[in-house]
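# Observations on chain architecture
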Amino acid sequence: DAGVTQSPTHLIKTRGQHVTLRCSPISGHKSVSWYQQVLGQGPQFIFQYYEKEERGRGNFPDRFSARQFPNYSSELNVNALLLGDSALYLCASSLREGSSYNSPLHFGNGTRLTVT
Amino acid sequence: AQSVTQLDSHVSVSEGTPVLLRCNYSSSYSPSLFWYVQHPNKGLQLLLKYTSAATLVKGINGFEAEFKKSETSFHLTKPSAHMSDAAEYFCVVSRLTGGGNKLTFGTGTQLKVEL
């Protein structure tokens, strides 16, 4: 079975532009989460979606938004890009919405976003 | 609130020697604890997860971690390091019940394995 797939793998944007990142979860997984990993730091939680509804949101500005489609794939959108948005964006899927213990997250390889 | 503190940002060992990566946690609730590994330009791979049934948790690739409630620690160990173990390791905490599936990561420990 394919793991979590993310596209594109790398992206270069200019300040003020908009970006869309895409994620396909493992087959059968209904929950998708997004994390931002700035160089030298641990990943930070951005969003969780389950059954197409937002179930959790981290401490990120409204420039960040996401959605989940009927096939459980997901998009992360970032508007008005800032230099500080440069990071590795990780998507993770899990079988269920709840506890990480019972439904561990499986991560994709990420999209490396560079804002110049 | 919950958090994890990884006590070493870098650890260097020789191949064949033991590995110890230290992690302390803070949680108002009974925590779920995990260790993830990240190889360069790769996503995160789950090494092991804490189950309340056993304080010593065995993971993949010979890694294990011991949950010590009295010390609020969840240190990761391996008896003998291999070159392929060189990577970044993250200690992670999440709530055991409810609260969705949000993970809180430590700042990471970069493991270097030398010949």
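These numbers were taken from a predicted model, which means no experiment stands behind them.

A few words on the nonpolar core. Nonpolar side chains tend toward joint burial in soluble globular proteins. Core analysis: the biggest nonpolar cluster contains 26 residues, and Trp 35, Phe 74, Leu 76 and Tyr 89 of chain B have the highest contact counts within it. Broken down by element, the residue count for this core peaks at 4 residues, all from strand 10 (residues 87-95) of chain B. Counting residues in hydrophobic clusters, the runner-up holds 22 residues, among them Tyr 49, Val 78, Leu 81 and Val 115 of chain A.

Here we take up the layout of surface pockets. In this structure, the largest pocket spans a volume of roughly 240 Å³. Surrounding the largest pocket, 15 residues form its lining, Gln 37, Leu 39 and Arg 112 of chain A together with Gln 38 and Glu 88 of chain B being those nearest its centre. Empty space within the second largest pocket amounts to approximately 180 Å³. Every residue lining the second largest pocket is listed: Pro 43, Gln 44, Phe 45, Arg 57, Gly 58, Asn 59 and Phe 60 of chain A together with Lys 102, Leu 103, Thr 104 and Phe 105 of chain B. Only strand 5 (44-50) of chain A together with strand 11 (104-105) of chain B provide two or more residues apiece to the lining of the second largest pocket. Across the lining of the second largest pocket, the residue classes tally to 5 nonpolar, 4 polar and 2 charged.

Right, let's talk about the pattern of salt bridges for a bit. One pass over the structure, following the stated rule, counts 10 salt bridges over all chains. One salt bridge in this structure joins Glu 75 of chain A and Arg 67 of chain A, with 3.3 Å as the shortest N-O distance. On the basis of relative accessibility, which here comes to 11%, the residue Glu 75 of chain A falls in the buried class. In this structure, the salt-bridge partner of Lys 78 of chain B is Asp 85 of chain B, at a minimum N-O distance of 2.8 Å. Here Lys 78 of chain B and Asp 85 of chain B have matching classes, each one buried. A single salt-bridge network, built from bridges that share partners, covers Arg 22, Arg 67 and Glu 75 of chain A.

Applying the stated rule across the entire model yields 14 aromatic pairs over all chains. Here the aromatic rings of Tyr 50 of chain B and Phe 74 of chain B are separated by 6.3 Å at their centres, their planes lie at 70°, and the arrangement is edge-to-face. Of the two residues, Tyr 50 of chain B is situated in the loop between strand 6 (44-49) and strand 7 (56-58) and Phe 74 of chain B in strand 9 (residues 73-78); the sequence distance between them amounts to 24 residues. A relative accessible area of 10% means that Tyr 50 of chain B is categorised as buried. Consider the rings of Phe 63 of chain B and Tyr 89 of chain B, whose centres lie 5.5 Å apart with planes at 45°: the pair is tilted. Residue Phe 63 of chain B is found in the loop between strand 7 and strand 8 (64-68), and its partner Tyr 89 of chain B is found in strand 10; the two are separated by 26 residues along the sequence. No difference in accessibility class separates Phe 63 of chain B from Tyr 89 of chain B, as the two residues are buried. Feature note: the residues Tyr 35, Phe 45 and Phe 107 of chain A together with Phe 34, Tyr 36, Phe 90 and Phe 105 of chain B constitute an aromatic cluster, connected by ring pairs.

Thresholds, definitions, all that
- Residues numbered from 1 in each chain as written.
- Chains lettered and ligands numbered in written order.
- Predicted model: local features only at pLDDT ≥ 70, side-chain atom pairs only at ≥ 80, totals over all residues.
- Heavy atoms only, no water.
- Core = buried A, V, L, I, M, F, W, Y, C linked by side-chain atoms within 4.5 Å.
- Buried < 20%, exposed > 50% of the residue type's maximum accessible area, 1.4 Å probe, protein only.
- Helix = DSSP H or I, 4+ residues; strand = E, 2+ residues; numbered from the N terminus.
- 1 Å grid on protein atoms, 1.4 Å probe; cavity = no way out; pocket = protein on both sides within 12 Å on 5 of 7 lines; lining within 4 Å.
- Points joined across faces, edges and corners; volume = space filled by probe spheres on them.
- Nonpolar A, V, L, I, M, F, W, Y, C, P; charged D, E, K, R; others polar.
- Salt bridge = Lys/Arg side-chain N within 4 Å of Asp/Glu carboxyl O.
- Phe/Tyr/Trp six-rings, centres within 6.5 Å; stacked < 30°, edge-to-face > 60°.

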